[in-house]
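Residue-level listing of the chains:
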Amino acid sequence: QVQLVESGGGLVQAGGSLRLSCAASGRAFNPYIMGWFRQAPGKEREFVGRIYWSGGSTYYADSVKGRFTISKDNAKNMVFLQMNNLNVEDTAVYYCAARLAVLSAYDYWGQGTQVTVSS
């Protein structure tokens with residue numbers, strides 16, 4: 001069983017930065033991909049970006065490309081989302097998720113952390 005816990009959310013002014021963390025636990029944690037998603041009030045959940053656990057290749061949604069950066073610490077089973085130049089449209093609950101195998105979906109999700117960007 002995999003457990004994911006996000007932290008680092010909060011209130012920030014537009015143009016500011018936040019760094020979210022996702023701590024993973026579980027025996028022999030070795031996912032295929034770790035992803036970040038977000039869900040704003042009244043909207044569907046949106047893909048933000050992902051990182052391959054082995055190798056570290058990343059991919060981002062166009063809406064965050066150039067502003068957000070995903071990184072990881074394999075030894076600590078942690079994934080990070082560095083968010084710069086935030087704007088009010090980035091306000092959402094942010095979730096990390098684990099995809100364990102090539103043909104699997106994102107099977108495990110954290111509880112989410114709220115990010116609020118004020119104008």
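Before reading further, recall that the structure is shown in the block above.
Structural notes, computed from the coordinates. (Residues numbered from 1 in each chain as written. Predicted model: local features only at pLDDT ≥ 70, side-chain atom pairs only at ≥ 80, totals over all residues. Heavy atoms only, no water.)

Observations concerning the pattern of salt bridges
Thinking step 1. If you walk through the whole model with that rule in mind, you get four salt bridges.
Thinking step 2. The closest approach of N and O atoms between E46 and R38, which form a salt bridge, is 2.8 Å.
Thinking step 3. Between D90 and R67 there is a salt bridge; the shortest N-O distance is 2.7 Å. Of this pair, D90 sits in the loop between β8 (78–83) and β9 (92–99) while R67 sits in the loop between β6 (58–60) and β7 (68–73); the two residues are 23 residues apart in sequence, bridging distant segments of the chain. The two residues D90 and R67 agree in class, both being buried.
Thinking step 4. Residues joined in a network through salt bridges with shared partners are R38, E46, R67 and D90. (Salt bridge = Lys/Arg side-chain N within 4 Å of Asp/Glu carboxyl O. Helix = DSSP H or I, 4+ residues; strand = E, 2+ residues; numbered from the N terminus. Buried < 20%, exposed > 50% of the residue type's maximum accessible area, 1.4 Å probe, protein only.)

Section: the nonpolar core
Thinking step 1. Residues M34, W36, L81, M83 and Y94 are the most contacted members of the largest nonpolar core, which totals 29 residues.
Thinking step 2. Counting residues per element, the ones that place at least two in this core are β3 (18–25), β4 (33–39), β5 (46–52), β7, β8, β9 and β11 (113–118). (Core = buried A, V, L, I, M, F, W, Y, C linked by side-chain atoms within 4.5 Å.)

A word on the packing of aromatic side chains
Thinking step 1. Evaluation of the coordinates by the stated rule reveals seven aromatic pairs.
Thinking step 2. Pairwise contacts between aromatic rings join F37, F47, Y59, Y106 and W109 into one cluster. (Phe/Tyr/Trp six-rings, centres within 6.5 Å; stacked < 30°, edge-to-face > 60°.)

Observations concerning the sheet that holds β7
Thinking step 1. With respect to topology, four strands assemble into an open sheet ordered β1-β3-β8-β7, the strand pairing being antiparallel. Here the strands that pair on one side only, and so sit at the sheet edges, are β1 (3–7) and β7. On average, each strand axis in the sheet is tilted by 15 degrees relative to the strand beside it, whichever way the strands run. (Pairing = 2+ DSSP bridges. Axes fitted to C-alpha atoms, helices over the stretch in contact; angles between N-to-C directions.)

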